[in-house]
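Tertiary structure, described
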Amino acid sequence: MTFLTSLKQATAALALIGLASSPALADIKIGASLSQTGPASFLGDPEAKTLKMLVDEINAKGGIKGEKIELVMYDDAGDANNARTFATRLIEDDEVVAVIGGTTTGTTMSMIPVMEEAEVPFISLAGAVVIIDPVKKWVFKTPHTDKMACAKIFGDLKARGLTKIGLISGTGGFEMSMREQCLKLAPEFGMEIVADESYGPKDADMTPQLTKIAGVAGLQAVVNPGFGQGPAIVTRNFRQLNIQVPLYQSHGVASKSFIELAGAAAEGVRLPAAALLVADKLPDNDPQKPVVVGYRDAYQKATGAQVSTFGGHAYDAFMILTEAIERAGSAEPAAIRDEIEKTKGYVGTGGIVNMTADDHMGLDLSAFRMLEIKDGDWTIVE
Amino acid sequence: MSDLLQFVFSGLTVGAVYALVALGFTIIYNASDVVNFSQGEFVMLGGMSTVFLSAAGVPLPAAAILAVVITALVGVALNKFAIEPARNASVVTIIIITIGASIFLRGVAQIVFDKQLHRFESFSGDVPIEILGATILPQSVWVIFGAAVIFTGLYLFFTRTLTGKAVLATANNRLAARLVGINTNFIMTLSFALSAAIGAVAGVLVTPITLTSYDIGIALALKGFAAAMLGGMGNPFGALVGGLVVGLIEALTAGYISSTYKDAAAFIVILAVLFVMPSGLFGRAAVNRV
Amino acid sequence: MKNLSPKSITLLALVALVLVAPLFFPSSFYYRVGTLMFINGLAVTGLVILIGYAGQISLGHAGFCGIGAYACALAPVHLGLPPVVAMLLGAIISGALAYLVGRPILRLKGHYLAVATLGFGILIFMVLSNESWLTGGPDGMQVEDLGLRDLLKSLGLSVPAAQVWYWFSGLVLLLGALLALNLHTSSTGRALRALHDSEIAARTVGVDVAHFKLMAFVISAVYASISGSLLAMMNKFVSPDIAGFLHSVQMVTMTVLGGAGSVFGAITGASILTALPQGLTVFHDYEHIVLGLIMMLVMIFLREGLVPSLIKRFSRRQG
C-alpha cells in the first residue's frame, strides 16, 4: 500500500513538474453530471446534447489556444446519491478542472460539498436560489432563479390589475421550489393566493384541481409552476373547463414543443421566458439576437429537435467556462474560478451575465421576457 | 353537483387506463402466474410507435394498428426469450426478470425513439362535450368506450370461444389443462400477445390526453399493479373495478380533500381493503400448496 | 478450510475483502464506491433475513431507509441529538413502525404482500416529499456528519473522509453480517427457514408463524434504516429518492440477483449492482439496455442467484 501510494505521489509530482515547465495549457478535461434519464430527462437531455455539440464545435476549431477539450459526462438519472458518486468520480478519478451540471436542484445540492472540498469550479444548471444564496466560493449557476420567474409573473399581473391568484403546481423539485418562492413573494406584490393545488409528475388529468380553483369566488388569474407534460395537460384541462381568467405558465415551459403539445388550448397563455424562445422576434439591435439565433440554428441542425431554454443553460455554462479558461490562460481550477467570477457582459441565451463576488449568477429581471402565445406562436408582451 | 360530475369524469378517464393496464397484468398472471412489471412499457410502446410511425408518413389509423401489432410481437418475444426459459423459477426471480425487461425496453425506446414528449391529434377533435354543467373531452369518451369494448370482447372470448375457455382452463390448473390436450405453451404466447396488445391500445387511446414519452411505463405499471391487486389478481372483472376505483378515489380526493395526497389516498384504500379481504375485492381465496 | 463452517467462511471472506480491496484502489473515488457497496450490502443483509430466511417479499423497504436517513437529518437540528443517537432513534422508529404495520401486512401472501409493502413505501415517500416545511421537499436537505473524522483527528489521526467512511461502513457491515449469520444458525433461524419452506408445515409443528414473520420484518427494517442513516451522513445530504419505489426495487434486485438465501450472495449482489453502473458508463446511451439484459440473463440462467447457483455448479463438477 505504501509502495503504491509513493508511486502515485511520484507520478503526481512528475506531472506537476511537467505543468510548471510548460507555460502552455495542459489537457483540458471538463466534467459533467446531468440527468439524461429519469424524471428530469426532459431537462437533462437537451443539456447533454448541447454540451456534446459545443465540445465538437470548439475542438473542430482547434480547441482553446490549441488545447483540445475533453468532456467526461455521466448520467445521474436525477438521483442525488448517483450525482454525488459521479461528482466524486469526476474529481478524484477523472481529475477534471471544472464541472458543469446538476440538472436539478437536488442533484446540484448533493454535488456542492464535493466541489467545495476539492476546490473545483462548478456551474449548476438548476433553478433554485439556494444554490447561490448564500454564495459558495466554487459554485455558480446559469439559469434564472424561480424567484425571478415569480417576480416577473407577479409584476405582469400587477400591471394588469389582477391580484387574486390560484396556484396549481407539480410535486417535483422544480415546481415545489417555485411554488414556495411564489408564496413568499406574493405579499410583496400585493398578491393574494386564493387557491393552492398540486398534481403528480405523471398525472393524466388535472380537471379536479382546476374545478376546485375555478370555484373560488373572485379568482382573477391562475399560475402553473411546472415542466414536462404537466403544463400542457393543465392548459388543455383549463380550456376544457372554460375557465375565463388569464393562465400563466412558468419558465419551465421552455420550448416550442409546449405549443405543439397543448395545441389550440395554448392560445393566450403567458409565461416568462428567456430570449432564446423568441430568437426571430427580437429586434435586430438586441445584443442577444446573434447569440440565440446562432445557438438555436446550430442545435436544431445537430439534433433535429426543437431548441429549449434548458439546453440554453448548458450553452451559457459552457461558454462562460471556456471563456474563463481562455482568459485565465491556464487550466488550473483556482485560476478558472477567479475568471468565472469576473465574467462581465457575457451575452448568453439566458440574458447578459455580470458576475461578482456576491452574485454567482449575474442575471437580473431584464433577462426574462414576458411572452404570450398567439396564433400558435410566441409574441413578446411589451 | 356539476363539480362532482366533473370529478367522476376525470376519475373514469384515468381509471379506464388503470383498468386496461390491470387487465394486462391479469391476463398474463392467469396464464403463467407471472406478474409482469414491464406491462407499463407496452402502453409506452403503443403510444410511441404510433407517434413515430405517423411522423414517418403512415396515416394515423394504420400507424395505430401497426403499433399494436408491433407491441404484441414484443410481448411474444418477451415470453419466448425471458419468461419461458425461466419456467418454474420462484416468484421473486420472475419479478426481477420482468423488471429487467422493463429497464431493457425503456433503454431501447430512448434510442429508437427519443426522450421528448409526444402527442398526436385527438380522434374526434378537442371540443369539450357538456353534460349537466360538467365537461368531458371527446378523447376521454374514446378511452372509456375503448376500455368497455375491450372488456366486453374479452368476456365473450373467454366464455364463448374454445381458445378462450382453454385460457381459463390453463389459468385454473396448468397440469390438468395439459392433460386434456391444451397446448399450454400456445396459451402463454397468446396471453402475452393479448396483454401487450391491450397495453398498446391503451397507449394509443390515451396519448392525445396524457402525452407520451419513453418513461411513462413505470408510473402506469405501479398504478395498474395496485389496481389489479385491489380487484383481486387473476380476475378480469376485478381489474376493471380495481382500475376504476383507483381512478375515482384519486379524482375525488383531489377534488374534495387534498390534491397533494390523492395518490396516498388510493394506496390507503388499497391497504385497508387488503387488510379486510386479503385476496382483493374479487380474488380467489389463496390456495395453500403444501 | 474443510473444518470451517459456512458462517466462518463468509465472515473471513468479508474481512479479507474489506481489508484487501483498498490495495487496488487507484483513487479515493474507489473508497466511495466501496462504501456504497458496504452500505447497500447492509440493507440487503436485512432483506436476506426477510426474503431468504422467512420467504416474505417487500417492495417498500426503502421507506425504512428514508426514516433512518431523515432521522439523521432532522433529529440533530430539531432535537439537538448527536448524529449517532439520531441514527439509533431512526432505527427504533423504523423497528416500531415495522412492528405496527407488519402485523396486518404480513397476513397477506405473495403478490398481495408485495403491493401492500409497495403502498406502505410510497406513503412514506410522499410524506417526505410533500412536507417540505420539515424535509425540504423533493430538493432534499443537508445532513450533519457523523463526526468520526473529527474524533480521529482529536486522537491525532488525520484520515481522509472517504477512507473514514470506508472503514467504518465496512465494520458496520461485518457486524450486520455476523448478527444475520448467527440468527441463521439459531433456533429462530431454523423456525424462519421452516416457515420459508412451508408455512403450513411450520405451523403444524408448532412454530408461531406470525411471530417469526413479524420478527424478520422488524429486523430487516432496522437494517434498512441504519443503511439509510449511513448513506445520508456520508453524503451529508438526503433527498426523498432514498425512500422511493426504485430504491426498494433496487434493494430486492441486489438481494435476489446475488442469492437471497445467503448473506454472502446478497452482499455480492449488492456489490455488483453498485459497481455495475460505474462500469456501464462506457456504454453511454446503451447503459440501460445492458443493465436490463444482465438482470434478465443472470436470473434466467442462475435463478437461485449468482453465488448459490455458481457454488452448486462448481461443487457438482468437483463431486
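Please refer to the structure placed before this passage.
Below is a short write-up of the structure. (Residues numbered from 1 in each chain as written. Chains lettered and ligands numbered in written order. Predicted model: local features only at pLDDT ≥ 70, side-chain atom pairs only at ≥ 80, totals over all residues.)

For chain C, the helix and strand inventory stands at 15 helices and two strands. Since a compact globule built from 319 residues should have a radius of gyration of about 20 Å, the 20 Å found for chain C is in line with a globular shape. C-alpha extents for chain C along the principal axes are approximately 50 × 45 × 45 Å. The buried share of chain C, taken over its 319 residues, is 56%. Expressed as a percentage of contacts within chain C between residues at least 6 apart in sequence, the contacts between residues at least 24 apart total 76%. (Helix = DSSP H or I, 4+ residues; strand = E, 2+ residues; numbered from the N terminus. Rg over C-alpha atoms; globule rule 2.2 N^0.38 Å. Buried ≥ 20, exposed ≤ 12 C-beta atoms within 10 Å, placed from the backbone. Contact = placed C-beta atoms within 7 Å.)

Before going further, it helps to spend a moment on helix α6 (residues 162-172) of chain B. Residues and elements named next belong to chain B. Along α6, the residues that are buried comprise Ala166, Val167, Thr170 and Ala171. Buried residues of α6, viewed axially, fall in a sector of 140°; they line one side. What points out from α6, more than 90 degrees from its buried face, is the exposed set Leu162 and Asn172. Buried residues along α6 sit in contact with α1 (2-32), α5 (138-160), α7 (174-179) and α8 (184-210). (Arc of directions from axis to C-beta.)

The subject of this paragraph is the nonpolar core. Ranked by size, the top nonpolar core spans 333 residues in total, and within it Ile100 and Leu321 of chain A together with Ala19 of chain B carry the most contacts. When residues no more than four places from it in sequence are discounted, the contact partners of Ala19 of chain B are Ala147, Ala227, Ala239, Leu240, Gly243 and Leu244 of chain B. (Core = buried A, V, L, I, M, F, W, Y, C linked by C-beta atoms within 7 Å.)

Counting residues at the interface gives 38 residues for chain C, matched by 38 residues for chain B. If one sorts the elements of the side of chain C that touches chain B by residue count, helix α5 (residues 110-130) of chain C sits on top with ten residues. Among the residues making up the side of chain C that touches chain B, the classes are represented as 26 nonpolar, eight polar and four charged. (Nonpolar A, V, L, I, M, F, W, Y, C, P; charged D, E, K, R; others polar.)

Time to look at the pairing of strand β13 (residues 369-374) of chain A. All names here are of chain A. Here β13 shows a clear split, with Arg369, Leu371 and Ile373 buried on one side and none of Met370, Glu372 and Lys374 buried on the other. For strand β10 (residues 270-273) and β13, the ladder comprises four bridges, and the chain directions are antiparallel. Pairing of Arg270 across the sheet is with Glu372, part of β13. As paired elements, β13 and strand β14 (residues 377-380) share four bridges and run antiparallel to each other. Paired with Lys374 across the strands is Asp377, a residue of β14. (Pairing = 2+ DSSP bridges.)

The subject of this paragraph is the interface of chain C and chain A. Between chain C and chain A, the contact holds 22 residues from the first and 26 residues from the second. Counting residues per element, the ones that place at least two in the side of chain C that touches chain A are α2 (29-53), α5, α11 (209-235) and α14 (287-301) of chain C. The dominant element in the side of chain C that touches chain A, judged by the number of residues it contributes, is α2 of chain C, at three residues. Class assignment of the residues belonging to the side of chain C that touches chain A gives a composition of six nonpolar, eleven polar and five charged.

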